[in-house]
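# A look at the structure
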Amino acid sequence: MVSRLETTAPSTDAPKEPTFRMEVSPTALEQVRGLVKAQKPGMAVRVFVQMGGGGGGGCCGGSAGPTFGMAFDKPKNGDEVVKVDGVSFVVDPYSAEFCNGAQVDFVSEAGENGFKVTNPNLPMAEGGSGDGCGSCGSSSSNGGGCGCGS
């Protein structure tokens, strides 16, 4: 079962329609819970996007398209803040455009161990896959290690 995280538009007379959606797999949620326990109270998991430039820098090797990361952070003014089963996820306004519809999973298989954020709604950049980087507890050889748990 995948947990859907949704926020709604500010209150109006019209029915509330979700304006921001993210899905978190049960495996990812379980892993996040374990990592959050070691943090200070009030910390959330920030899901963010970085635009690559092909220069080899950044969390995910500098790909041409957007890459995703995760880190512990406190919610900031203007963030999308969503909770699922007691865990808070936050997304800044810039990243929300790229994270809307994203899927957060935790993979543990040969050569890949960590969180993986993908968004099937994003157009694929040339040479890209539409996938994000594993972060938050993954090894740096996979492009991770730039977020929480590293």
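Just so you know, the residues in each chain are numbered from 1, in the order the chain's sequence is written. The predicted nature of this model means local features are confined to residues of pLDDT at least 70 and side-chain atom pairs, given and counted, to a pLDDT of 80 or more, with totals for whole chains, interfaces and linings taken over all residues. The side-chain values count all of the structure's non-hydrogen atoms but skip hydrogen atoms and water molecules.

Runs of H or I in DSSP of at least four residues are treated as helices and runs of E of at least two as strands, each being numbered from the N terminus. Locating Asp 92 in the fold gives a position in the loop between β6 (87–91) and α2 (93–99). A polar side-chain atom of Asp 92 sits 3.0 Å from the main-chain amide nitrogen of Tyr 94. Among the polar contacts listed, one links the side chain of Asp 92 to the side chain of Ser 95, at a separation of 2.8 Å. When sequence neighbours within four positions are dropped, the list of residues in contact with Asp 92 reads Arg 46, Phe 48 and Asp 79. For the purposes of these results, a polar contact is taken to be a pair of N or O atoms within 3.5 Å, where, inside protein, one atom must be able to donate a hydrogen and its partner to accept one; residues adjacent in sequence count only when each atom of the pair is a side-chain atom. Residue contacts are counted whenever heavy atoms from the two residues lie within 4.5 Å of one another.

This part is about helix α1 (residues 26–36). Taken together, the buried positions of α1 are occupied by Ala 28, Leu 29 and Val 32. With its buried residues spanning 95° around the axis, α1 presents them on a single face. Each residue gets one of three labels from its accessible area relative to the maximum for its type: buried under 20%, exposed over 50%, partly exposed in between, using a 1.4 Å probe on protein chains only. Note: the arc covers the axis-to-C-beta directions of the helix.

Pairing analysis gives five bridges linking strand β5 (residues 80–84) to β6, with the strands arranged antiparallel. Across the sheet, Val 84 pairs through a bridge with Val 87, a residue of β6. At least two bridges found by DSSP between two strands is the condition for calling them paired. Hairpin connection of β5 to β6: two residues between the antiparallel strands, including Asp 85 at a positive phi of 50°.

This brings us to the pattern of salt bridges. Here, a salt bridge means any side-chain nitrogen of Lys or Arg that lies within 4 Å of a carboxyl oxygen of Asp or Glu. One pass over the full model with this rule turns up four salt bridges. Here Arg 46 ties to Asp 79 by a salt bridge, and the two come within 2.7 Å at their closest N and O atoms. Here Asp 79 lies in the loop between β4 (66–73) and β5 and Arg 46 lies in strand β3 (residues 44–51), a separation of 33 residues in the sequence. One salt-bridge network, held together by shared partners, links Arg 46, Asp 73, Lys 76 and Asp 79.

What the four strands build is an open sheet, ordered β4-β3-β6-β5; its pairing is mixed. Looking at which strands have only one partner, the edges of the open sheet turn out to be β4 and β5. Averaged over all neighbouring strand pairs, the angle between strand axes comes to 25°, with direction disregarded. Only C-alpha atoms enter the line fits that serve as axes; for helices the fit covers just the stretch in contact. Angles between N-to-C directions range over 0 to 180 degrees. Of the strands in this sheet, β3, β4, β5 and β6 are in contact with α1, which crosses β6 at around 95°.

Only the six-membered ring of Trp is used, alongside the rings of Phe and Tyr, when aromatic pairs are assigned; centres must lie within 6.5 Å, and planes under 30 degrees apart are stacked while those over 60 apart are edge-to-face, with the rest tilted. With the rule as written, the count across this model stands at two aromatic pairs. Measuring from centroid to centroid gives 5.0 Å for Phe 106 and Phe 115, while their planes differ by 75°, and the two rings are edge-to-face. With a relative accessible area of 15%, Phe 106 lands in the buried category. Judged by its relative accessible area of 1%, Phe 115 falls in the buried class.

Relative to the assigned elements, Ser 95 resides in helix α2. Taking the relative accessible area as the measure of exposure, Ser 95 reaches 1% and is therefore buried. Along the primary structure Ser 95 and Asp 79 are separated by 16 residues, whereas in three dimensions their C-alpha atoms are 9.5 Å apart. Once residues within four sequence positions are removed from consideration, Ser 95 is found in contact with Val 47, Phe 48 and Val 49. A polar atom in the side chain of Ser 95 sits 3.0 Å from the backbone nitrogen of Val 49.

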